[in-house]
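# Chain and residue survey
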Amino acid sequence: MATMSPAIQINELFFGYSGQSGLFSDFNLMIEAGSRFGLFGPNGAGKTTLMNLMTGLLTPSGGHIRLLGKEIKKHKSSVNFLFGFVPQDFSFYHELSPVENLAFFGAWSGLSSTVIRKRTSELLDILGLTAVRDKKVKDFSGGMKRRVNLAIGVIHEPPLLFLDEPTVGVDVQTRHAIIQYLKQLNAEGTTLIYTSHQLSEAEDLCDRIALIDQGRIIVHGDPDNLLSEHGQEGLEGLFLHLTGKNYRDQSV
Amino acid sequence: MYRLWATIQKDVRVLSRDKVGITFLFIMPVLLVLIVTSIQNNTFELINKNRVPLLVCNRDTGASSRQFIRTLDTVGLFTVQLVPADQNDQSIRDRLQKKDAYLAVVVPPDFSAQMAVRTKSLLGKALNSFGLGDSTGGAYDRDGKADVRGKGESDADGMPITLYYHPILQETFRRSAQGAIYSALQLVESRQLLRTLYFSINEKELPDTLENELMTRRAKISEIPVSRNGDRSTPNASQHNVPAWTIFSMFFVVVSLGSGIVREKLNGSFIRLKTLPTNYLVAILSKQITYLGVTMMQAASIFAVGVWLFPLLGLPKLNLPTDWAGLIFLSLLCGWCAVSYAICIGVFAQTEEQANGFGALSIVILAAIGGLMVPDFAMPGNFQTAMKLSPLHWCLEAYYGLFLEQGKLKDVWSNVLSLLIIIAGLQGVMLWGLKRKNLI
């Protein structure tokens, strides 16, 4: 069996918010390059925190996180060229048009004006936004805003793409289009790290998953193997089987 | 460099599409300068050019009171409105409360008689001191000073002249009015004294021509403003107000810029910016450049209003300093100081409400202690020290050096140095805040 090179390597990670006990303690995870990796867990399990640690938004108190072999702590500025991030919130300027948003975020991603123009044209075409390229985003529907959010995250063609609930609140057509585009990106070599509560969508998209709870990995592997291993027919059943049916976001 | 240019373009676009923000940054300051200058100019003209209605109730039938009223009319400050002598004090007070006028003078029934007694008394004393003996036949036991004082005060020399005033009148204006009434009284007394003296010596009436000549010939006062270039034009309300309120407007960018930074920190775009391979300092530098441009445009528009619009509205024209390069450099410094302050507020504020509330209020306080609202010489002693902590004070001092004293940049170098130190301090605090909050 050929050994895949790691896109993300997390070793002996320690992290805790101030005033709380450590969320991650001696946490280890390896995400293979070229995979479509799904990160799941109940509310408060640590998904967003782990995503923020992997993108350098949070700094671990101990351990190592390497993106494509580069340690985040040591290569903070150069590591940022390696990945794109599509946050759950609409992370752009609503007063600007898609073209203006892409021009700004493209420049901040280190692209030249020529490349930005070319990529903007391509992305707006692929994501069906060409007709509204010069309209202000604040007047867009939720689905259109999601597509703008995605376009900004991939304008610099990063080898790693972090997606935090990229399809929340969109209609079936938009969800389908986004998932197809993500598959296309992955086919072209982009490693996807995806988190969502839409488990049916995850079944369609992910070829590797990890289920985490209270800062620990409960299961990790190929979704089909995990389902058969635990005698479940779908990810939702597997999820409830492993994490229980009680509310998980009772504490504040 | 391209990243900075793209960020400036983004900031300009975001700002230009915020219509309320644009109104706040450009229209409101122009209105503010227009209104404040109009009001102050009107106050100036009220005191110096217009006449204030003055009710006069003359209960005396003698010549001195008539002369006193004629003199009041010629002082130039009042439009005398005579009230029937039988009207009582309460009805006069009622008229003031109805704001028919803000001042009223009641001349007591024995005014002329008392005046004559006092004059004779004074003259007697004077002639005695010259060794000429008493030829006036007057009583010597009176001091002879007419009083203008509040109602209710007793006076052994007969009833004083009473001055009623509406409480709406400010202290300074009331003092001016009181001074003018004293002047009128002194003129009447002097005239009376002169006549009596002339009669005592010459045993005939003083000729009118000689009396007028003696009474109207006074030493003149020549007013010369001290300017650095020898310019003798008197500074007007525009010269005082336009620089002051331009600085105030510049610092009010805190509402737009400070809250803009907080908004960016709180919304998702900031999270994405932090994951991109560009330092957030580029965003801060872009905001400084963009808003420095805004403050320069504010200054240019307010100065333009002062130069071209004020005369059309009957307000005094703003005379720009002769040192244009100095004016531009100083405006840049003031703008940079304002922008640095606004960014500091934006970096440390947690919410937009904090940035707007604290930002706006702090500017009003700094303007007040900085001498923008009350002249620095009129400040209490401990405020004179606090004033030096206000960046607006140093901006104003430097601007006044150019606008009022017609100086050049070299004449205000100490203010420029103070401003540079304040800017360096604010930039240092800003960088420390960004570092502390893990933003850079």
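Parameters and conventions
- Residues numbered from 1 in each chain as written.
- Chains lettered and ligands numbered in written order.
- Predicted model: local features only at pLDDT ≥ 70, side-chain atom pairs only at ≥ 80, totals over all residues.
- Heavy atoms only, no water.
- Domains from an automatic or database assignment.
- Pairing = 2+ DSSP bridges.
- Helix = DSSP H or I, 4+ residues; strand = E, 2+ residues; numbered from the N terminus.
- Axes fitted to C-alpha atoms, helices over the stretch in contact; angles between N-to-C directions.
- Contact = heavy atoms within 4.5 Å.
- Expected span 1.5 Å × (residues − 1).
- Buried < 20%, exposed > 50% of the residue type's maximum accessible area, 1.4 Å probe, protein only.
- Phe/Tyr/Trp six-rings, centres within 6.5 Å; stacked < 30°, edge-to-face > 60°.
- Lys NZ or Arg CZ within 6 Å of the ring centre and 35° of its normal.
- Buried area = accessible area lost by both parts, 1.4 Å probe.
- Salt bridge = Lys/Arg side-chain N within 4 Å of Asp/Glu carboxyl O.
- Polar contact = N/O pair within 3.5 Å; in protein donor to acceptor, adjacent residues only side chain to side chain.
- Right-handed = clockwise from strand over helix to strand, strands pointing away.
- Parallel < 35°, antiparallel > 145°, perpendicular 65-115°, else oblique.
- Nonpolar A, V, L, I, M, F, W, Y, C, P; charged D, E, K, R; others polar.

With that out of the way, let us pick up the domain arrangement of chain B. Splitting chain B by domain gives domain 1 (2–43 + 233–436) and domain 2 (51–216). Placing a centre on the C-alpha atoms of domain 1 of chain B and another on those of domain 2 of chain B gives a separation of 53 Å.

Below, the discussion takes up the sheet that holds strand 7 (residues 160–164) of chain A. All names here are of chain A. Read across the sheet, six strands follow the order 6-7-8-3-9-10 without closing on themselves; strand pairing throughout is mixed. In the strand order of this sheet, the two ends are held by strand 6 (83–86) and strand 10 (216–221), each with one partner. Averaged over all pairs of adjacent strands, the angle between their axes in this sheet comes to 15°, without regard to strand direction. In this sheet, strand 8 (residues 191–195) lies alongside strand 7 in parallel orientation, the contact comprising five bridges. Its bridge partner lying in strand 8, Leu163 is registered against Tyr194. Against the sheet, helix 9 (residues 235–243) contacts strand 3 (36–40), strand 9 (208–213) and strand 10, and its axis sits at roughly 30° relative to strand 9.

One non-glycine residue, Glu12(A), lies in positive phi territory at about 45°. Within the secondary structure layout, Glu12(A) lies in strand 1 (residues 6–15).

This part is about helix 8 (residues 237–251) of chain B. The end-to-end C-alpha separation of helix 8 of chain B is 21 Å, in line with the 21 Å expected for 15 residues at 1.5 Å each. For helix 8 of chain B, the buried fraction is high: 14 of the 15 residues fall into the buried class.

Right, let's talk about the environment of Asp86(B) for a bit. All names here are of chain B. As for its position among the elements, Asp86 is in the loop between strand 2 (78–83) and helix 4 (89–97). Judged by relative accessible area, which is 71%, Asp86 ranks as exposed. Residues Asp86 and Leu127, spaced 41 residues apart in sequence, show a C-alpha to C-alpha distance of 40 Å.

So, on to the packing of aromatic side chains. Under the definition given, this model contains 18 aromatic pairs over all chains. Between Phe104(A) and Phe105(A), the aromatic rings sit 5.0 Å apart at their centres with planes inclined by 65°, giving edge-to-face as the arrangement. The burial state of Phe104(A) is the same as that of Phe105(A); both residues are buried. Between Phe348(B) and Trp432(B), the ring centres sit 6.0 Å apart and the planes meet at 35°, which makes this aromatic pair tilted. In this pair, Phe348(B) sits in helix 12 (residues 324–348) while Trp432(B) sits in helix 16 (residues 413–436), placing the two residues 84 residues apart along the sequence. Counting every residue linked through ring pairs, the aromatic cluster contains Tyr93(A), Phe104(A), Phe105(A) and Trp108(A). One Lys or Arg, Lys10(B), reaches over the ring of Phe104(A) and ends 4.9 Å from the middle of that ring.

Interface extent is often summarised as the accessible area lost during association of the parts. Listed per partner, the contact involves 23 residues of chain B and 33 residues of chain A. Buried surface at the junction of chain B and chain A, both sides included, amounts to about 2500 Å², of which 64% is carbon and sulfur. Considering only the surface of chain B that becomes buried against chain A, Arg17(B), Arg272(B) and Thr275(B) emerge as the three largest contributors, covering 28% of it. Linking chain B with chain A are two salt bridges, by the criterion used here. Residues Glu100(A) and Arg13(B) are paired through a salt bridge, measuring 3.5 Å at the closest nitrogen-oxygen approach. Our count for the chain B to chain A interface comes out at eleven residue pairs in polar contact (both at pLDDT 80 or more). Those elements that provide at least two residues to the side of chain B that touches chain A are helix 1 (2–16), helix 10 (268–275) and helix 11 (280–312) of chain B.

Residues and elements named next belong to chain A. With respect to burial, strand 8 is a largely interior element, five of its five residues being buried. Because side chains alternate across strand 8, one face comprises the buried residues Thr191, Ile193 and Thr195, and the other comprises Leu192 and Tyr194, equally buried. Both strand 3 and strand 8 contribute to a ladder of four bridges, which runs parallel. What sits directly across from Phe37, in strand 8, is Ile193. Traced from strand 7 through helix 6 (residues 172–187) to strand 8, the parallel crossover comes out right-handed.

Residues and elements named next belong to chain A. According to the stated counting rule, one finds 18 salt bridges over all chains in the structure shown. For the salt bridge of Lys118 with Glu122, the shortest nitrogen-to-oxygen distance reads 3.2 Å. Within this pair, Lys118 and its partner Glu122 are both found in helix 4 (residues 113–126), separated by four residues, close to a single helical turn. A salt bridge links Asp204 to Lys183; its shortest N-O distance comes to 2.7 Å. Highlighted residues: Asp204 in helix 7 (residues 199–205) and Lys183 in helix 6, separated in sequence by 21 residues. By relative accessible area, Asp204 is classed as partly exposed at 39%. According to the relative accessible area criterion, Lys183 is partly exposed, its value standing at 23%. In this structure, a network of salt bridges that share partners links the residues Lys118, Arg119, Glu122 and Glu157.

In this section: the packing of helix 12 of chain B against helix 15 (residues 391–403) of chain B. Residues and elements named next belong to chain B. In the contact formed by helix 12 and helix 15, the axes pass within 10 Å of each other and the chain directions differ by 170°. Compared by their axis directions, helix 12 and helix 15 come out roughly antiparallel. For the pair formed by helix 12 and helix 15, the contact residues are Gly326, Leu327, Leu330, Ser331, Cys334 and Cys337 on the first element and Pro391, Cys395, Ala398, Tyr399, Leu402 and Phe403 on the second. In terms of residue class, the contact of helix 12 with helix 15 is built from ten nonpolar, two polar and no charged.

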